[in-house]
Amino acid sequence: MQVAIIGAGIGGLSAGIALKQLGHQVKIYEKFSAFKPVGAGLTIWRNALLGLRELGIPEAALQNHNVKSLASLRNWDGAFLSDPRKGTLPMPIDELVRVFHRAELQQTLIETFGIEDIVLGAGFETASQTDDKVSVTLSTGETFDCDLLIGADGINSKVRLQLHPDSTPVYSGYTAWRAVIPYDQSHCVPGETWGAQQRFGMFPVGHDQMYWYATQVAAAGACAANGEKAHLQQIFKNWHAPIADLLAQTPEEAILRNDVYDIDPLRKWGSGRITLLGDAAHAMTPNLGQGACQAIESAVVLRNCLRADSDLNGALRTYEAKRRKRTTPMIRQCRQIGNVGQISNKAGVFLRNTLMKAIPPKLQQAQVLRPLEVDF
Ligand SMILES: Cc1cc2nc3c(=O)[nH]c(=O)nc-3n(C[C@H](O)[C@H](O)[C@H](O)COP(=O)(O)OP(=O)(O)OC[C@H]3O[C@@H](n4cnc5c(N)ncnc54)[C@H](O)[C@@H]3O)c2cc1C
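What you see is a predicted model; the values in this text were computed from it and never measured. Chains are numbered independently. Their residues run from 1 in the order of the written sequence. Local features in this predicted model are restricted to residues whose pLDDT is 70 or higher, and side-chain atom pairs enter the listing and the counts only when it is 80 or higher, whereas totals over whole chains, interfaces and linings include all residues. Based on all heavy atoms of the structure, the side-chain values leave hydrogens and waters out of the count.

Peer 1: Even after reading the chapter, I still don't get helix α7 (residues 228-235), so can you show me in this structure?
Peer 2: For an α-helix, the turn length of 3.6 residues means that residues three or four places apart are oriented alike. For each residue, the accessible area found with a 1.4 Å probe, counting protein chains only, is set against the maximum for its type, and the residue is called buried under 20%, exposed over 50%, and partly exposed in between. Secondary structure counts use DSSP, requiring at least four H or I residues in a row for a helix and at least two E residues in a row for a strand, with both numbered from the N terminus. Where α7 is concerned, the buried positions are E228, K229, L232 and I235. Looking down the long axis of α7, one finds its buried residues gathered within 135 degrees of arc, a one-sided arrangement. In this description, the arc belongs to the directions extending from the helix axis to the C-beta atoms.

Written out as structure tokens, the structure is:
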């Protein structure tokens, strides 16, 4: 079968590897004309780690023992609101979570998939289909036919918007800054810190590098008049150590700023010989650190459905039903965590913190581990 995948992100590359495992001829079409080391840290949870192993990613490429404990949750002054580090874990920590630089993981996937089957500078424009084939037109005007088209073109997916024109991304109401910098990790407790309207998180990513992120309630499209670094230093100046130092050591040009969006869960994903995967299908806010993890899971489930059912239409609809069931509650849960984390009024913050502290450590740990249970 000739498979065309739109988008060479974590989702498209994972799907490409998965479908090559079935012996299909797969080409990935990527709109950018070169791969740039974009992005910052990505938490790769156990469910995705198992997915990457299913895809045959060499264990050496997945080695990463930088996370020493589950993430804690703290108040802006450093007091612990929840500390899942307490209590026994069901398995070693590096079997539960690892943190990679996105560019590093993407490069591993490119090497496993094969750069020769990636067409760069090939933006998807439109597609039409009959019972027998899909005809694709690229932004260059070039056209081609394939048996299966997978839209893995991210949250602003043109493939999705062609199938569901109303499925435009939804703004969460907050923006996120991220950076990866060289930093001494010995005094950092990995985890997230909550204030009113703002959050700050930090995780080691290996190679003596630290990944940090920050969020703040903001209007969509806004940017800081005096530079993002100065703005962050101002809002986080009284927060617990080493937040001010991390910001001081971060060059302005290392800071990425992205407004946070998701999509409303779709009732239907694809049709006929076309389906969706990754953020194109199930973009969620980053509050569970599961967006890329779910893209990897989707790739494995798609492979398994195609292997189990020789009827293409049937296999694709089974894949979509399975993945909708898994990702729809996650999109909603991510929204809820975001709403709680970004609470702005003092009374709300007090109530939230009191409730967080009252949750027994065992239950805190169970909440973190529940999304990691996966059924491919
Ligand atoms: C602040 C933040 C923090 C995050 N942290 C985590 C985390 O810790 N863990 C985690 O698992 N997830 C995290 N995520 C989510 C994660 O980044 C995404 O879910 C994941 O990257 C989605 O991968 P994708 O391949 O589906 O989409 P993308 O990475 O968006 O890739 C889509 C690809 O398609 C290409 N493309 C787009 N349009 C076209 C077109 N018309 N034609 C051809 N190509 C096209 C793009 O150039 C891109 O290469 C985070 C997200 C944000 C915003």
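Still more ground to cover, so stick around.
Peer 1: Even after reading the chapter, I still don't get the site of the ligand, so can you show me in this structure?
Peer 2: A cutoff of 4 Å decides nearness: a residue is near a molecule or strand if any of its heavy atoms lies inside that distance of it. In the region of the ligand, 28 residues are neighbours, and G11, E30, T43, F124 and D279 sit closest. Within the side chain of E30, a nitrogen or oxygen atom sits 2.6 Å from an oxygen atom of the ligand. Contributing elements (two or more residues each) for the shell around the ligand: α1 (10-21), β2 (25-30), β3 (41-45) and α10 (291-308). The greatest single-element share of the shell around the ligand, amounting to three residues, is contributed by α10. Ten residues, namely Ala, Val, Leu, Ile, Met, Phe, Trp, Tyr, Cys and Pro, are considered nonpolar, four, namely Asp, Glu, Lys and Arg, are considered charged, and the remaining ones, Gly among them, are considered polar. Grouping the amino acids of the shell around the ligand by side-chain chemistry returns twelve nonpolar, ten polar and six charged. The definition of a polar contact used here is a pair of N or O atoms within 3.5 Å, where within protein one atom must be able to donate a hydrogen and the other to accept one, and adjacent residues in sequence count solely through side-chain atom pairs.

Peer 1: How do you make sense of the sheet that holds strand β9 (residues 134-138) when you look at a structure like this?
Peer 2: Sheet strands pair via backbone hydrogen bonds, and the direction of the pair is either parallel or antiparallel. Note on pairing: two strands pair once DSSP finds at least 2 bridges between them. Sheet architecture is open: three strands sit in the order β8-β9-β10, paired in antiparallel fashion. Sheet topology places β8 (124-129) and β10 (143-146) at the edges, where each strand pairs with a single neighbour. Neighbour to neighbour, the strand axes of the sheet diverge by 25 degrees on average, direction disregarded. In this sheet, β9 lies alongside β8 in antiparallel orientation, the contact comprising five bridges. In the sheet register, S128 faces β9, and the bridge partner there is S135. Only the contacting stretch of a helix is used when fitting its axis, a line to C-alpha atoms as for every element, and angles between N-to-C directions run 0 to 180 degrees.

Peer 1: Please clarify how unusual backbone geometry should be interpreted in this entry.
Peer 2: Trans is the common state for peptide bonds, and a negative phi is the common state for residues other than glycine. Cis geometry marks the peptide bond from A241 to P242, where omega comes out at 5 degrees. Tracing the chain through its elements places P242 in the loop between α7 and α8 (243-248). Despite not being glycine, Q197 shows a phi value in the positive range, around 75 degrees. One can find Q197 in the loop between β13 (191-194) and β14 (198-206). Since its relative accessible area comes to 28%, Q197 is described here as partly exposed.

Peer 1: Explain the side chain of Q198 here, please?
Peer 2: As for its placement among the helices and strands, Q198 is situated in strand β14. Contacts between residues were defined by any pair of non-hydrogen atoms, one from each residue, lying within 4.5 Å. Sequence-distant contacts of Q198, that is, excluding residues within four places in its chain, are made with T193, T215, Q216, I235, F236, W239, G341 and Q342.

Peer 1: Looking at this structure, I do not really get the packing of α1 against helix α5 (residues 102-113). What am I missing?
Peer 2: In a packed pair of helices, the relevant descriptors are the angle between the two axes and the axis-to-axis distance. Packing of α1 against α5 leaves a shortest axis separation of 9 Å and a crossing angle of 25 degrees. Between α1 and α5, the interaxial angle falls into the category roughly parallel. For α1 against α5, the interelement crossing comes out left-handed. Residue-level contacts link I10, L13, S14, G16, I17 and K20 of α1 to R102, L105, Q106, L109, I110, T112 and F113 of α5. When describing relative orientation, an angle under 35 degrees is termed roughly parallel and one over 145 degrees roughly antiparallel, while 65 to 115 degrees is termed roughly perpendicular and anything else oblique. Whether a crossing is left-handed or right-handed is set by the direction in which the near helix is turned from the far one by less than a right angle, anticlockwise for left-handed and clockwise for right-handed.

Peer 1: What am I meant to see in the sheet that holds strand β11 (residues 148-151) here?
Peer 2: In spatial order, the strands read β7-β2-β1-β11-β17; together these five strands make up an open sheet with parallel pairing. On the outer flanks of this sheet lie β7 (118-120) and β17 (274-276), each paired with one strand and no other. Pairwise comparison of adjacent strand axes, ignoring direction, gives a mean angle of 20 degrees for this sheet. When β2 meets β7, the two strands line up parallel, connected through three bridges. If you follow I28 over to β7, its bridge partner there is I118.

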